[in-house]
Amino acid sequence: MNYASVARVLSLLMLIVAGAGICGGVIAVVAGETQQVVSLGVTAMGILVAAASVLLLTPRPERKARPSDGLAVVILWWLLTPLATSLPFVFGVANSSVITAIHEAAACLTTTGHSVIRVSGDDWPASLIYWRGALHLLGAFSAIVTAAGVFAAVNLGGPGVHRTVLFTLPESSFFDAMPRITGPVSLMIGVSVLLIFVALLVLGVEPGRALGDAVSVITTGLVHPGALDLAPASAAVCVVLATGLLLGSLGLAFWLPLRRRAWALIIQDPEIVVFAGFAVLFAGFAMIAGLAAGDALGWSIATLSTSGIPLGAPGAADAIPLTVYVMPCLVGGSALAAAGGIKLARVIVLGQRAGQEFQQLGYRRSLVSFRFRDRELDERSVIGVWVYFVAYVLAVFMFLIAFSFAGLGFDDAIRLSIGGLTSSGGLVAGSDTDLGPASEILLIIAMLLGRLEILTLLPALSLSFWRG
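Everything quoted here is computed from the prediction, not taken from an experiment.

Novice: With reference to specific residues and values, describe the overall build of the chain.
Specialist: A count of helices and strands for the chain gives 20 helices and 2 strands. Taken against the 2.2 N^0.38 rule, which gives 23 Å for 468 residues, the C-alpha radius of gyration of the chain at 22 Å falls within 12% of a compact globule. Along the three orthogonal principal directions, the C-alpha set of the chain runs to about 75 × 60 × 50 Å. Taken across its 468 residues, the chain has 55% of its residues classed as buried. Considering only contacts in the chain between residues 6 or more positions apart, those separated by 24 or more positions represent 72%.

See the structure below:
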């Protein structure tokens, strides 16, 4: 393990978090929120001092960083950042539980987005709404960059699923290749949020809510704590939000062809085509459950994107059976997007391989090739996806048992297990039970494990990973 590289890169990332905290403090000063000025200021200064100290005291690395060093940065980022960013949720609102504060921060960073803190009259300070949005943006950015860079390099969860033209393993230090990813991802998120924000303003949405909703749909989260109870102002607003969710849940699968102006590739991309098919399929299930066509399609898009932000009447989804509700959450969005779930790319790979098996049942000696995005994939690729799928199912099962032992009923355990692992805030928020400390800790672990895509955490359990 190249500890110097890992420490320095992690410190640089934490400096970005400190900058976001300083901006929050400025907003609190302008809004006259004294309590939040202190909490955000202390958070920013604490992170700033700690990160700067590590940078100053850590010598420049003497050897090249490897993909395993990138994976170490990712694991430490997701484990440490919720702790570092939770302080405003302890002192900035009426909350005496540190676990609840960490839970709130983890929910925002993983873009699950649901809120477990209750504020009188839902009158949240403006600076804390900003802080929730900032954590959503940091989390979405981290998830996409991690998938396109680190996961592509370590080849876990199905080789080829995360590969793009943005990343090639460099001969120099591994981290030298990351700016090629961070730049386009930053531009993608920034432009997307700006476009949706301006469109909502044109439609007459109040600026604060317009910005919160724009960040919510692009990060596939829930920035405003009461987002699930806020109905869109009009049908036109629903269309804009749905467009934002499509951009957020497809991510680089949409933006990379757009960047090359390859319009035909956008229409033909397998993840985009399958997303559209699943959206129609799950909308059909919702209509069978009694939803109107518009509400059904809105629910399907919102849930498939693992956001849950309402695109119709807020209570319309209550009529949908839980067994139907969890299916789009499990599928999720693109492998290179902020959405959670098993991911469309893996579903496509498994579906194609299953089709080949059925084909060979009738023609025992037939030879079939396996391709994904014009790349020939070998049997090892399929095995990697199968291993990931089995690990995901086992993770759901283990969390289901754990939540049951924590005293939750079956429906709530299902909601929290699948909702946490897939970063589906709408599914998690549907739980009617007030969570105790044990359940909150389990849900925090589930949300973080979902963002680490389960298999990537396994190397960290070996001491040789940290000694290498």
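Once you've had a look at it, read on.
Novice: Could you give me a rundown of the environment of G32, with the residues and numbers involved?
Specialist: Tracing the sequence through the fold places G32 in the loop between α1 (3–31) and α2 (34–57). With relative accessibility at 56%, the residue G32 sits in the exposed group.

Novice: Let's hear about the packing of aromatic side chains: which residues, and what values?
Specialist: Within this structure, the stated rule accounts for 8 aromatic pairs. Ring centres 5.5 Å apart and planes at 10° place the aromatic pair F278 and F282 in the stacked group. Remark: F282 and F278 occur in helix α12 (residues 270–288); sequence separation between them is 4 residues, near one turn of the helix. Under the relative-accessibility criterion, F282 is labelled buried at 3%. The structure contains a cluster of three or more aromatic residues connected by ring pairs, namely F278, F282 and F285. Taking the ring centre of W124 as reference, the NZ or CZ of R132 above it sits at 6.0 Å. In this structure, R346 is placed above the aromatic ring of Y388, and the distance from its NZ or CZ to the ring centre is 3.6 Å.

Novice: Can you lay out a nonpolar patch on the surface for me, pointing to particular residues and giving the numbers?
Specialist: A surface patch of nonpolar side chains, about 370 Å² in accessible area, is lined by L281, F285, I288 and M327. With 3 residues, the top contributor of residues to the nonpolar patch is α12. Relative to the helices and strands, F285 resides in helix α12.

Novice: Pulling in residues and values, what's your account of the nonpolar core?
Specialist: Counting 133 residues, the largest nonpolar core has W131, L252 and W299 as the members making the most contacts within it. The element best represented in this core is helix α6 (residues 126–154), accounting for 14 residues. If we ignore the near neighbours within four places in the chain, the residues touching L252 are I144, A148, L166, V185, M188, P257 and L336.

Novice: Explain the packing of α12 against helix α14 (residues 322–331) to me, using residue names and the numbers behind them.
Specialist: At a minimum axis separation of 10 Å, α12 and α14 run at an interaxial angle of 170°. In terms of axis orientation, α12 runs roughly antiparallel to α14. Contacts from F278, F282 and F285 in α12 reach V324, M327, P328 and V331 in α14. Residue composition of the contact of α12 with α14, by class: 7 nonpolar, no polar and no charged.

Novice: Just give me the short version of the pattern of salt bridges, but keep the residues and values in it.
Specialist: In total, this model carries 4 salt bridges according to the counting rule given. Salt-bridge contacts for E453 lead to K343; the nearest nitrogen and oxygen are separated by 3.5 Å. Of this pair, E453 sits in the loop between α19 (437–451) and α20 (463–467) while K343 sits in the loop between α14 and α15 (344–362), placing them 110 residues apart in sequence. Note on accessibility: E453 and K343 belong to one class, buried. Linking R346 and E453 is a salt bridge whose minimum nitrogen-to-oxygen distance equals 2.6 Å. Here R346 is found in helix α15, whereas its partner E453 is found in the loop between α19 and α20, with 107 residues between them in sequence.

Novice: Mind laying out α1, listing which residues take part and the relevant values?
Specialist: Along its 29 residues, α1 runs 42 Å from first to last C-alpha, staying within 8% of the 42 Å computed at 1.5 Å per residue. Residue G32 follows α1 closely and has a positive phi angle near 70°.

Novice: Lay out the side chain of T219 in plain terms, naming residues and giving numbers.
Specialist: Mapping T219 onto the fold places it in helix α8 (residues 207–219). Given the relative accessible area of 0%, T219 is considered buried. When residues no more than four places from it in sequence are discounted, the contact partners of T219 are T111, H136, L137, A140 and A338.

Novice: Run through the side chain of D269, naming residues and quoting values.
Specialist: As for its placement among the helices and strands, D269 is situated in the loop between α11 (263–268) and α12. On the accessibility criterion, D269 (8% relative accessible area) is buried.

Novice: Got a sec to walk through unusual backbone geometry? Specific residues and values, please.
Specialist: What you tend to see is this: most non-glycine residues have negative phi, and most peptide bonds are trans. Residue T111 is not a glycine yet carries a positive backbone phi of 60°. With respect to the element layout, T111 can be found in the loop between α5 (98–109) and α6. The backbone phi angle of T306 is positive, close to 60°, even though this residue is not glycine. In this fold, T306 is placed in the loop between α13 (293–304) and α14.

Novice: So what's going on with the environment of F399? Which residues, and what values?
Specialist: Mapped onto the elements, F399 comes out in helix α16 (residues 379–405). F399 gets classed as buried once you look at its relative accessible area, which sits at 8%. Taking C-alpha positions, F399 is 8.6 Å from I418, a pair spaced 19 residues apart along the chain.

Novice: Lay out the environment of R118 in plain terms, naming residues and giving numbers.
Specialist: Along the chain, the position of R118 falls in the loop between α5 and α6. The spatial distance from the C-alpha of R118 to the C-alpha of I444 is 18 Å, given a sequence separation of 326 residues. Here the side chain of R118 touches S115 through a polar contact of 3.2 Å, landing on its backbone oxygen.

Novice: Now, about the packing of helix α17 (residues 410–422) against α19: what can you tell me, with residues and values included?
Specialist: As a packed pair, α17 and α19 sit with axes 6 Å apart at the nearest point and diverge in direction by 40°. Packed against α17, whose contacting residues are L416, G420 and L421, the element α19 presents L443, A446, M447, L449 and G450 at the interface.

Reading the values: the criteria
- Residues numbered from 1 in each chain as written.
- Predicted model: local features only at pLDDT ≥ 70, side-chain atom pairs only at ≥ 80, totals over all residues.
- Heavy atoms only, no water.
- Helix = DSSP H or I, 4+ residues; strand = E, 2+ residues; numbered from the N terminus.
- Rg over C-alpha atoms; globule rule 2.2 N^0.38 Å.
- Buried < 20%, exposed > 50% of the residue type's maximum accessible area, 1.4 Å probe, protein only.
- Contact = heavy atoms within 4.5 Å.
- Phe/Tyr/Trp six-rings, centres within 6.5 Å; stacked < 30°, edge-to-face > 60°.
- Lys NZ or Arg CZ within 6 Å of the ring centre and 35° of its normal.
- Patch = residues over 30% accessible without salt bridge, like charges linked within 9 Å, V, L, I, M, F, W, Y side chains within 5 Å.
- Areas by Shrake-Rupley, 256 points an atom, 1.4 Å probe, with all protein chains shown as cover.
- Salt bridge = Lys/Arg side-chain N within 4 Å of Asp/Glu carboxyl O.
- Core = buried A, V, L, I, M, F, W, Y, C linked by side-chain atoms within 4.5 Å.
- Axes fitted to C-alpha atoms, helices over the stretch in contact; angles between N-to-C directions.
- Parallel < 35°, antiparallel > 145°, perpendicular 65-115°, else oblique.
- Nonpolar A, V, L, I, M, F, W, Y, C, P; charged D, E, K, R; others polar.
- Expected span 1.5 Å × (residues − 1).
- Polar contact = N/O pair within 3.5 Å; in protein donor to acceptor, adjacent residues only side chain to side chain.

Worth remembering: the numbers are spatial, not functional.
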